[in-house]
Amino acid sequence: MVVYGGSDLARKVLKTRHKRKLEVLEATERQRVALEAAGRPPEPVCGCTHHLAKHDKQGRCHEVVEAPTAWDADRRPVSYEPRPCNCQQYVGPEPLGTVFAPELTDR
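Residues numbered from 1 in each chain as written. Predicted model: local features only at pLDDT ≥ 70, side-chain atom pairs only at ≥ 80, totals over all residues. Heavy atoms only, no water.

J.: For the overall build of the protein chain, give the residues involved together with the corresponding values.
T.: Tallying secondary structure elements over the protein chain gives one helix and two strands in all. What you see in the protein chain, going N to C, is helices and strands ordered as α-β-β. Working note: accessible area of the protein chain is about 10100 Å², and carbon and sulfur atoms make up 56% of it. (Helix = DSSP H or I, 4+ residues; strand = E, 2+ residues; numbered from the N terminus. Areas by Shrake-Rupley, 256 points an atom, 1.4 Å probe, with all protein chains shown as cover.)

J.: I'd like a description of the nonpolar core, backed by residues and values.
T.: With five residues, the main nonpolar core is built from Cys46, Cys48, Cys61, Cys85 and Cys87. Sequence-distant contacts of Cys85, defined by excluding residues within four places in its chain, comprise Cys48, His50, Cys61, Glu63 and Val65. (Core = buried A, V, L, I, M, F, W, Y, C linked by side-chain atoms within 4.5 Å. Buried < 20%, exposed > 50% of the residue type's maximum accessible area, 1.4 Å probe, protein only. Contact = heavy atoms within 4.5 Å.)

J.: If you had to explain the pairing of strand 2 (residues 77-84) to someone new, which residues and values would you point to?
T.: Examined bridge by bridge, strand 1 (residues 64-71) and strand 2 share seven bridges and lie antiparallel to one another. Opposite Val65, over in strand 2, you have Arg83 as the bridge partner. (Pairing = 2+ DSSP bridges.)

Structural data, given as structure tokens:
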């Protein structure tokens, strides 16, 4: 059956179907991203957003960051200069080292 001139009901049905199809595609993409993220180990990242490798044994960060040095009338930064990161402690997940487990034997 061909409808000339269109119908509000037909337009509404097609629009709803399109919306649902987009929702299904978005949900599928979110699921794919979540599954990929679940397979990766947690990244050892500090509160300053730098990796654990940028911190020494005492927890001090050795990365350089851009710190604001001047602000405008609306208190937004206008200029920046490189400075050492001043975070003091890495607080992320501790990476596992080599684990030693003795063999189980039935004696």
